[in-house]
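A look at the structure
Read off the chains here:
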Amino acid sequence: MLIAGTVIADSETVIPEGAVVVEGNTIAAVGEEAALRDRYPDHERRAFDLVAPGLVGGHVHSVQSLGRGIADDDALLDWLFDAVLPMEAAMDAEATRAAAELGYLECLESGTTTVVDHLSVNHADEAFEAAIETGIRGRLGKVLMDRESPDGLLEETDAALAETESLIREYHGAADGRVRYAVTPRFAVTCTEACLRGCRELADRYDGVTIHTHASENEDEIETVEADTGKRNVLWLDEVGLTGPDVTLAHCVHTNEREREVLAETDTVVTHCPSSNMKLASGIAPVQDYLDRGIAVALGNDGPPCNNTLDPFTEMRQASLLGKVDARDPTRLPAATVLEMATENGARAAGFDRLGALREGHRADVIGLTTDLTRATPLHDPLSHLVYAAHGDDVVFTMVDGEVRYADGEHVGIDAAAVRERATRHAERVVEAAGIEAARSSPP
């Protein structure tokens, strides 16, 4: 297939009348369309206004899709323990499958082709099956929680680690390597030292398995961890083995000088979730400082209950604007830097090579966007438009691993209307079972 348009190949390269040639699951060539049409005259041609790399959701919670809007305007730990965790505990296998499918379809139709997905304690296999079926690229993991957790989610340490190992054996490398595993402890507040050290041992036991957890999102969380361990969050995670190039830490909003040194020294990847951090009033992550230290920073939407969208374009815009206002400097986090965070740095977080740019030999994850919009007129700078003005619903074409997954408003091979109907039905049941509506309507 020859995919034509203004090609934004990476954060530094724009080809005004360009094209991307895909053969199998690989990009065969990128360049000017006229020359490529001469070289590949028999390839099917599809044309879009903008052609860009598939974006990477460096930290999402697909199975929280049933909770969009249930816990607005709450502080993090209240939001988590009073609403989100009770919802997860009430979810059976069917609800988990519907939630994951819903989340992945939202990602695909918004231009996200790869997710680093923090699932839940129960029924993680349903999300893996949903990822395989919908065709998204993903790094997924069952959540581990063996302390300070509600009924229905609290596990015995050995049982949690054993189930994790079973899932690794079944799903790591599934769908011809498109689906891979991340060992996923929830965070230090709900995991014992034995659990965290066990996570490192499991990741080391299996080639290509990574680690994905939350860290230093909220000041109350940090105080809790320090009271329990005598160490600040990142330093505690480093002590138990949860730093390194195979580790992605979501948020890292509140870190001190020594913690930042550790992140840089260990080559740990950080995922910035600006919309979530603003909505939960967690604070502003020191993203520019991280980048200046050589720390790879990806972008993530977090979960629908704390965003409330999985639109990656919203996240790019928010990341840039928040970085500028935090520094009182309009030159901070320019469009090119933010696009790199959402693509090539995201590929680092997801643990996939040859991903995040439109280059010869890279994996064929490609999106096409329309600019036939008042909001896109005039269009002086395609890269600027992509970061500051584009929306997820501008995406009209999504290809993952050389397969078209979304085109002209339709998901290929998936009945999206049926998924939405199932998700709505299960959401009503789960929210009622968790007692969330009653809790929300009670006086403060």
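Here is a short report on the structure shown in this document.

Calculation notes
Residues numbered from 1 in each chain as written. Predicted model: local features only at pLDDT ≥ 70, side-chain atom pairs only at ≥ 80, totals over all residues. Heavy atoms only, no water. Phe/Tyr/Trp six-rings, centres within 6.5 Å; stacked < 30°, edge-to-face > 60°. Helix = DSSP H or I, 4+ residues; strand = E, 2+ residues; numbered from the N terminus. Buried < 20%, exposed > 50% of the residue type's maximum accessible area, 1.4 Å probe, protein only. Salt bridge = Lys/Arg side-chain N within 4 Å of Asp/Glu carboxyl O. Pairing = 2+ DSSP bridges. Right-handed = clockwise from strand over helix to strand, strands pointing away. Axes fitted to C-alpha atoms, helices over the stretch in contact; angles between N-to-C directions. Parallel < 35°, antiparallel > 145°, perpendicular 65-115°, else oblique. Left-handed = near helix turned anticlockwise from the far one by under 90°. Contact = heavy atoms within 4.5 Å. Nonpolar A, V, L, I, M, F, W, Y, C, P; charged D, E, K, R; others polar. Core = buried A, V, L, I, M, F, W, Y, C linked by side-chain atoms within 4.5 Å. Patch = residues over 30% accessible without salt bridge, like charges linked within 9 Å, V, L, I, M, F, W, Y side chains within 5 Å. Areas by Shrake-Rupley, 256 points an atom, 1.4 Å probe, with all protein chains shown as cover. Lys, Arg positive; Asp, Glu negative; His and termini not counted. Charge placed at Lys NZ, Arg CZ, Asp CG, Glu CD.

The next subject is the packing of aromatic side chains. Taken as a whole and assessed by the stated rule, the structure comprises three aromatic pairs. Here Phe128 and Tyr171 contribute two aromatic rings whose centre-to-centre distance is 4.7 Å and whose plane-to-plane angle is 15 degrees, an arrangement assigned as stacked. On the criterion of sequence distance, the pair formed by Phe128 in helix α4 (residues 124-134) and Tyr171 in helix α5 (residues 157-171) is long-range, its members being 43 residues apart. Judged by its relative accessible area of 4%, Tyr171 falls in the buried class.

With that settled, the discussion passes to the pattern of salt bridges. Scanning all chains against the criterion turns up 35 salt bridges. A salt bridge links Asp10 to Arg359, with the nearest nitrogen and oxygen atoms 3.3 Å apart. A residue pair is termed long-range when its members are at least 10 positions apart, and Asp10 in strand β1 (residues 2-10) and Arg359 in the loop between α14 (344-350) and β14 (366-369) qualify at 349 residues. Residue classification places Asp10 among the buried positions, given a relative accessible area of 12%. For Arg205, the salt bridge identified is with Glu165, shortest N-O distance 3.2 Å. Here Arg205 is found in helix α6 (residues 193-205), whereas its partner Glu165 is found in helix α5, with 40 residues between them in sequence. A single salt-bridge network, built from bridges that share partners, covers Arg97, Glu101, Glu126, Glu133 and Arg422.

Counted residue by residue, strand β10 (residues 210-215) has six buried out of six residues, so it is predominantly covered. Alternating positions in β10 separate into two faces, Thr210, His212 and His214 on one and Ile211, Thr213 and Ala215 on the other, with burial throughout. Bridge count for strand β9 (residues 179-185) against β10 is two bridges, and the pairing is parallel. In the strand pairing of β10, Ala182 is matched with Thr210. Crossover β9 to β10 through α6 is right-handed. In this structure, β10 lies alongside strand β11 (residues 247-251), joined through five bridges in parallel fashion. From the neighbouring strand, Ala215 faces β11, where its bridge partner is His251.

On to the packing of helix α2 (residues 76-90) against helix α16 (residues 416-434), then. At a minimum axis distance of 8 Å, the contact between α2 and α16 shows a crossing angle of 115 degrees. In terms of their interaxial angle, α2 and α16 are classed as roughly perpendicular. As for how α2 packs across α16, the hand of that crossing is right-handed. Of the residues in α16, those in contact with Pro86, Met87 and Ala90 of α2 are Val430, Ala433 and Ala434. Residue composition of the contact of α2 with α16, by class: six nonpolar, no polar and no charged.

A few words now on the sheet that holds β14. Strand order in the open sheet made by the eight strands is β3-β2-β1-β4-β14-β15-β16-β17, with mixed pairing throughout. On the outer flanks of this sheet lie β3 (26-32) and β17 (410-411), each paired with one strand and no other.

Attention now moves to the nonpolar core. One finds Leu66, Tyr104, Val183, Phe313 and Met316 to be the most contacted residues of the largest nonpolar core, which totals 108 residues. Residues within four places of Val183 in sequence aside, it is in contact with Leu144, Thr164, Ile168, Cys199, Leu202, Ala203, Val209, Thr210, Ile211 and His212. One finds Ile15, Ile27, Val404 and Ala407 within the second-largest nonpolar core, a separate group that totals 17 residues.

As a further point, take the side chain of His251. Mapped onto the elements of the fold, His251 is located in strand β11. With residues near it in sequence (within four places) discarded, His251 still touches His59, His214, Ala215, Glu217, Val270, Thr271, Cys273, Ser276, Asn277, Ala285 and Asp302.

Owing to its 3.6 residues per turn, the α-helix aligns residues three or four sequence positions apart on the same side. For α4, every residue scored as buried is listed here: Ala124, Glu126, Ala127, Phe128, Ala130, Ala131 and Thr134. If you follow the buried residues of α4, they end up packed against α3 (93-109), β7 (137-141), α5, β9 and β16 (403-407). Among the residues trailing α4, Gly135 stands out with phi positive, at a value near 90 degrees.

What follows covers a negative patch on the surface. Taken together, the side chains of Asp78, Asp82, Glu219, Asp220, Glu223 and Glu226 present a region of like negative charge at the surface. A per-element tally of the negative patch places helix α7 (residues 219-229) first, with four residues. Relative to the assigned elements, Glu223 resides in helix α7.

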